[in-house]
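So the chains spell out like this:
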Amino acid sequence: MKIVHVASELYPYIKTGGLADAVAALAGVLADHDHEVSVFLPGYRAVVDHKDAAGAERKLRLRIEMGDQFLSGDVRVFSPRKNLKVYLICREEFFDRRAPYGNGERDFEDNSDRFIFFCKGVVETLRLADLQADVVHCHDWQAALLPLLLRESERRHRVTLALKTVFTIHNIAYQGLFPATTFARTNLPDELYHIDGLEYYSQVNYMKGGILFADRVTTVSPRYAREIQTPEFGCGLDGVAQTRADDIVGLLNGVDTAVWNPATDALLPATYSRADLRGKAVCRAELLKRGGFAPGFTGPVFGMICRFAEQKGVDLVLANKDFFLANDCRFVVLGAGDKRMEAEMRALATAAPDKVCLTAKLDEGMSHLIEAGSDFFVMPSLFEPCGLNQMYSQVYGTVPIVSRVGGLADTVADADEFPATGTGLMCEPNAASLRQALQRALGLFADRARYTAVQQRGMARDFSWEVAAAGYEQLYRESL
Ligand code: ADP
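Structural notes, computed from the coordinates. The residue count restarts for each chain, going from 1 along the sequence in the order it is written. Under the rules for a predicted model, residues below a pLDDT of 70 receive no local features and side-chain atom pairs below 80 are neither given nor counted, while totals for whole chains, interfaces and linings still include all residues. Think of the side-chain values as coming from all heavy atoms in the structure, minus any hydrogens and water.

A few words now on the packing of helix 4 (residues 111–128) against helix 5 (residues 146–157). Where helices are involved, their axes are fitted lines through C-alpha atoms of the stretch in contact, as for all axes, and angles between N-to-C directions lie from 0 to 180°. Comment: elements are numbered from the N terminus, with helices defined as DSSP H or I runs of at least four residues and strands as E runs of at least two. Where helix 4 contacts helix 5, the two axes come as close as 9 Å, and the packing angle between them is 40°. The orientation of helix 4 relative to helix 5 falls into the category oblique. Seen along the crossing, helix 4 lies across helix 5 with a hand that is right-handed. Two secondary-structure elements touch here, helix 4 through Cys119, Lys120, Val122, Val123, Leu126 and Arg127 and helix 5 through Leu146, Leu149, Leu150, Ser153 and His157. Looking at side-chain class alone, the contact of helix 4 with helix 5 contains 7 nonpolar, 2 polar and 2 charged residues. Working rule for angles: under 35 degrees goes down as roughly parallel, over 145 as roughly antiparallel, 65 to 115 as roughly perpendicular, anything else as oblique. Handedness of a helix crossing follows the sense of rotation of the near helix relative to the far helix, less than a right angle counterclockwise being left-handed and clockwise being right-handed. Contacts: residue pairs with any heavy atoms within 4.5 Å of one another. Under this grouping Gly is polar, as are all residues other than the nonpolar Ala, Val, Leu, Ile, Met, Phe, Trp, Tyr, Cys and Pro and the charged Asp, Glu, Lys and Arg.

Let us look at the pairing of strand 15 (residues 356–359). Think of it in three bands: with a 1.4 Å probe and only protein chains considered, a residue is buried below 20% of the maximum accessible area for its type, exposed above 50%, and partly exposed in between. Here strand 15 shows a buried face lined by Val356 and Leu358 and a second buried face lined by Cys357 and Thr359. When DSSP finds at least two bridges between two strands, those strands are taken to pair. As judged from the 4 bridges shared by strand 14 (residues 330–337) and strand 15, these two strands associate in the parallel manner. From the neighbouring strand, Phe331 faces strand 15, where its bridge partner is Val356. By definition, the crossover connecting two strands over a helix is right-handed if that path, from the first strand to the second, turns clockwise as seen with the strands pointing away from the viewer. This β-α-β element, strand 14 to helix 13 (residues 339–351) to strand 15, shows right-handed connectivity.

Assignment of secondary structure puts Leu268 in the loop between strand 12 (248–250) and helix 10 (278–290). Take Leu268: its relative accessible area is 9%, and that puts it in the buried class. Note: C-alpha distance between Leu268 and Leu369 (101 residues apart in sequence) is 6.1 Å. Contact partners of Leu268, with chain neighbours within four places excluded, come to Pro262, Cys283, His368, Leu369, Ala372 and Tyr396.

This part covers the nonpolar core. Core analysis: the largest hydrophobic core is formed by 94 residues, its most contacted members being Val6, Phe40, Val136, Ile169 and Tyr206. Top element by residues in this core is helix 1 (residues 18–32). It accounts for 10 residues. Each nonpolar core is a collection of buried residues, namely Ala, Val, Leu, Ile, Met, Phe, Trp, Tyr and Cys, held together in the definition by side-chain atoms within 4.5 Å. Ranked by size, the runner-up nonpolar core spans 37 residues in total, among them Val255, Leu288, Met391 and Phe463.

Within the open sheet, the 3 strands sit side by side as 8-10-9. Their pairing is antiparallel. Here the strands that pair on one side only, and so sit at the sheet edges, are strand 8 (177–179) and strand 9 (199–200). Direction of pairing for strand 9 relative to strand 10 (residues 203–205): antiparallel, over a ladder of 2 bridges. Among the inter-strand pairings, Tyr200 is bridged to a residue of strand 10, identified as Gln203. Against the sheet, helix 7 (residues 206–213) makes contact with strand 8, strand 9 and strand 10, and its axis sits at roughly 50° relative to strand 10, the strand it touches most.

Time to look at the state of the cysteines. The criterion for a disulfide is a pair of cysteine sulfur atoms lying within 2.5 Å. Within this structure, the stated rule accounts for 0 disulfides. You can see Cys235 has no disulfide; the closest cysteine sulfur is in Cys386, sitting 17 Å from it. Cys235 sits in the partly exposed class, given a relative accessible area of 34%. No disulfide involves Cys386; its sulfur sits 16 Å from the nearest other cysteine sulfur, which is in Cys306.

This is the structure we're talking about:
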C-alpha cells in the first residue's frame with residue numbers, strides 16, 4: 001500500500017513526547033513490510049538541520065491559499081531508509097524556530113496559521129507530486145484538518161488524492177482550539193463552521209474535524225478509546241467521539257526495539273538481558289553517580305521521566321515528597337515543562353540532595369539510563385492515552401508504579417492483585433493511593449525473590465510494534 005503519515009513529530013528529528021516515537025516506529029515497521037511509506041513533517045529548524053536532511057531534494061514550490069492571502073513555501077524530501085520518504089513542508093516564518101509549539105512560557109500565537117499551512121502544504125504536495133495515496137494517516141490536532149482539506153481540494157480540482165483517511169488521537173487533551181476568525185484561513189465552505197463541523201462553542205476546534213471527517217478514527221490504547229467517550233476523559237469532545245463510537249478502534253502503541261532494548265542500547269554504560277542482569281547493576285551504579293549519590297547504595301531507586309504537565313501526576317508525587325524524605329531510597333527525576341512544578345521539584349531536590357535529584361531538560365541519554373538503572377518507575381498519570389515509559393520500564397526490568405487509567409491499565413497488571421502474573425504496582429490517580437503503592441514498593445523490594453519474579457515477568461513481555469502495525473495494516477485494508 002501507499003501510506004502517507006502526517007504528523008508534527010518524528011523521532012529522531014523532532015520530539016516532545018510519545019507522538020514522535022509512535023509515528024517513527026509505525027512508519028518504520030510498515031516500511032519493513034514493503035509498503036511505500038511517506039511521512040510529512042513541518043520543516044522545523046531541528047529537522048532541516050539534521051544530518052539526514054542535509055542532502056534533501058527541493059521537490060516543489062508551494063503557493064498556499066490562506067483566507068484572501070497566498071503564502072509561499074517549499075517542499076523538501078529525503079529518504080532515511082528503504083521504502084520511507086520524509087517530506088518537509090517548509091516556510092521559515094512558521095517553522096524555523098527553536099521549539100515546535102511555543103517558547104516555553106506559552107504557545108506561539110500563530111499556531112492556528114502554522115498548522116493550516118502545514119496541512120494545506122501536504123494536500124498540495126499530494127496533488128502536485130501526484131502521490132496517489134491509498135491511505136493518508138493523520139496524527140493528532142496538528143494534522144486533524146487534513147481529512148476535510150483533502151476532500152475539499154479533491155472536489156475543487158476533480159481529482160482523487162487519497163482513497164481513505166485515518167485519524168489517530170494520541171492525546172485528546174490537546175485539540176487545537178482557536179478563535180472563530182481562524183475559520184476563514186481554512187477556505188473551507190461556510191457551512192462547515194457549524195456544530196456538525198469545526199465549530200466548538202464559538203471557536204474552531206481542529207481535533208473535532210479529525211474525529212468527525214476521517215474515514216477511520218483510532219486511539220493508542222483500547223481503554224482510552226472507551227474513556228474518551230466519557231465526560232471524565234473526553235476533554236469536552238466525548239459527545240463528538242460518541243458519534244464515531246462504531247469506528248473508533250484502540251490500537252496499543254509498542255516499543256521500538258531498535259531504540260529501546262537493554263541488550264543493544266548504545267546509550268547505556270552496559271547492556272543486559274533477562275538471563276543476565278549484571279549490566280543492569282552497572283547502569284544502576286552509573287545512575288546513582290549521575291544523581292550525585294553513592295554508587296554502592298543498596299536501597300530502592302525510584303525513577304521518573306515525563307513532561308511536567310498536570311496529566312503526568314507530578315503533583316501527586318510532590319504531595320508525597322515526605323515519602324522520599326522519610327525512607328531510605330533514592331529518587332531520580334527527568335522532566336521539564338510547567339514552571340511551578342519544576343520549581344517545586346527543584347525545591348525538593350535542593351532540600352534533600354542526598355536523596356532526590358532533578359534533571360530539568362530533554363535528555364535522551366539520561367532517559368535511557370533512568371529506565372535501565374532504576375528499580376521502580378513512577379508514572380501516576382491522571383489520564384494516559386497509551387504511555388510509553390511503563391512499557392520501556394518492563395522491558396528494562398524496572399517495575400512500573402502506574403495509575404489505573406488508559407494505556408497504563410492496558411499494559412500493567414498489579415503484582416499484589418495478580419501474584420502469578422503481575423508486572424507492576426497500580427494505584428488510583430490520587431495522592432493517597434499513590435502513597436500506598438510507593439509503600440508497597442518498599443515491601444516488594446525487600447522481598448528479593450518476589451521482586452525478581454515481577455521483574456522477570458515484565459522483561460518477558462512482548463510489546464513489539466509488530467502487533468500494533470498488524471492492527472493498522474488490517475484497519476487500512478478493511479477501510480480500502
Ligand atoms: P507523552 O507523549 O504524553 O509525553 P509518552 O509516555 O507517550 O508521554 O511518551 C513520552 C516520551 O518522551 C518517552 O519516550 C519519554 O522517555 C520521553 N521524555 C519525556 N520527557 C523527557 C525528557 N525530559 N528527556 C528525554 N525524554 C523525555
